[in-house]
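# Report on the structure
Below are the chains, spelled out letter by letter.
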Amino acid sequence: MTAPQRLLVLGATGLTGRHIVDLALAQGHTITAVARNTATLDIPDPRLTPVAVDLTTDLDAVGRLVPGHDAVICALGRGLKLRSNGLMTRTTPGILAGMQRQGVRRLVYLSAAGVGEPLESQPFVSRLMIRFLLADIYADKAPAERLVQSSRLDWTILAPVALSNGPATARMRVEERPKLGGLDRISRADVAVAVLNCLNDPKTFQRRYVVAPPA
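One structure accompanies this document, and this report is about it. Quick caveat, the model's predicted, so the values are computed rather than measured.

### Here's the deal with the environment of R18
- Structurally, R18 is set in helix α1 (residues 17-26).
- Exposure remark for R18: the relative accessible area of 25% places this residue in the partly exposed category.
- Taking C-alpha positions, R18 is 8.9 Å from A192, a pair spaced 174 residues apart along the chain.
- Those residues in contact with R18, other than ones at most four positions away along the chain, are A12, T40, L41, D42 and I43.

### Describing the sheet that holds strand β5 (residues 106-110)
- Sheet architecture is open: eight strands sit in the order β3-β2-β1-β4-β5-β6-β10-β8, paired in mixed fashion. The open sheet is flanked by β3 (48-52) and β8 (173-175), the only strands paired with a single partner. Across the sheet, the axes of successive neighbouring strands diverge by a mean angle of 20°, strand direction being ignored.
- Here three bridges tie β8 to strand β10 (residues 207-212), and the two strands are oriented antiparallel to one another. Bridge pairing in β10 links E175 to V210.
- Contacts from helix α3 (residues 87-102) reach β1 (6-10), β4 (71-74) and β5, with the element oriented near 170° to β5.
- Where helix α5 (residues 135-149) meets the sheet, it contacts β5, β6 (154-160) and β10, and its direction lies at approximately 150° from that of β6.

### With respect to the nonpolar core
- One finds L7, V9, I20, V21, I31, L158 and V195 to be the most contacted residues of the largest nonpolar core, which totals 33 residues.
- Within the residue set of this core, elements represented by two or more residues are β1, α1, β2 (30-35), β4, β5, α6 (188-198) and β10.
- The greatest single-element share of this core, amounting to seven residues, is contributed by α6.
- Setting aside chain neighbours within four positions, we find I20 in contact with V9, I73, A75, L110, A192, V195 and L196.
- By size, the runner-up hydrophobic cluster in this structure holds 24 residues, among which are L8, A61, M99 and L153.

### A look at unusual backbone geometry
- With a phi close to 55°, N85 is a non-glycine residue in the positive phi region.
- Along the chain, N85 turns up in the loop between β4 and α3.
- Taking relative accessible area as the criterion, N85 reaches 53% and is therefore assigned exposed.
- The backbone phi angle of A170 is positive, close to 60°, even though this residue is not glycine.
- Relative to the elements of secondary structure, A170 occurs in the loop between β7 (162-164) and β8.

### Some points on the side chain of R106
- The topology assignment puts R106 in strand β5.
- Of the side chains with opposite charge, D154 comes closest to the buried, unpaired R106, at an N-O distance of 6.7 Å.
- Among the polar contacts listed, one links the side chain of R106 to the side chain of T156, at a separation of 2.9 Å.
- For R106, the side chain forms a polar contact with the main-chain oxygen of C198, separated by 2.9 Å.
- Sequence-distant contacts of R106, defined by excluding residues within four places in its chain, comprise D70, A71, V72, M99, D154, W155, T156, C198, L199, D201, T204 and F205.

### A word on the state of the cysteines
- Following the criterion strictly, the structure yields zero disulfides and no others.
- Here C74 stays free of any disulfide, with the sulfur of C198 as its closest cysteine sulfur at 13 Å.
- Judged by its relative accessible area of 0%, C74 is buried.

### Considerations on the packing of α1 against α6
- The contact between α1 and α6 brings their axes to 8 Å, and the two run at 55°. Between α1 and α6, the angle falls in the class oblique. Along this stretch, α1 crosses α6, giving a crossing that reads as right-handed. Contacts between α1 and α6 pair H19, I20, L23 and A24 from the former with R188, A189, A192, V193, V195 and L196 from the latter.
- The residue makeup of the contact of α1 with α6, split by class, is eight nonpolar, one polar and one charged.

Definitions and cut-offs
Residues numbered from 1 in each chain as written. Predicted model: local features only at pLDDT ≥ 70, side-chain atom pairs only at ≥ 80, totals over all residues. Heavy atoms only, no water. Helix = DSSP H or I, 4+ residues; strand = E, 2+ residues; numbered from the N terminus. Buried < 20%, exposed > 50% of the residue type's maximum accessible area, 1.4 Å probe, protein only. Contact = heavy atoms within 4.5 Å. Pairing = 2+ DSSP bridges. Axes fitted to C-alpha atoms, helices over the stretch in contact; angles between N-to-C directions. Core = buried A, V, L, I, M, F, W, Y, C linked by side-chain atoms within 4.5 Å. Lys, Arg positive; Asp, Glu negative; His and termini not counted. Salt bridge = Lys/Arg side-chain N within 4 Å of Asp/Glu carboxyl O. Polar contact = N/O pair within 3.5 Å; in protein donor to acceptor, adjacent residues only side chain to side chain. Disulfide = S-S within 2.5 Å. Parallel < 35°, antiparallel > 145°, perpendicular 65-115°, else oblique. Left-handed = near helix turned anticlockwise from the far one by under 90°. Nonpolar A, V, L, I, M, F, W, Y, C, P; charged D, E, K, R; others polar.

The following block contains the structure:
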């Protein structure tokens, strides 16, 4: 468990973001939870501050919100949708610029396994999914990842395999180049565990890890 911190969580009402918020609160962190609509964040906890803002149009929002925070967790995503509408390429520049301008260096950024990698390097089932169902999502995530990796921040990119709604097991691989199967799945709850586990670990700075189930 990491020492309690003040965290700015982006995409806090998403399928994975909500797990991150719940676990972070359970660990004693103080959260500013950012989402376009925060109505579902009905958690009676004085350490939770919901903020409704659309990061795709308000590119200065992170710069306004991040002062006083120790780290930013970016869990933005389209959930179960197959079209990105440029979500990550539209929001990531503002996130990075706001953090750099305010001197907040720690960023944990969620992406997806296989983003930015040659298609032929992926398991057969994953290749089919990326090529025919998730092409738009992956085309949006890849340049956003490159922006993060070229920044001067203390970033960690976590790239989970296919996500499920199962419970947290804390049984996972968090590795730079794990051997994957085409049907590998990891629960969103376990991804939240991985996020909080790496938050204060300097060995994860400027590293990209795949989050996958045990081999």
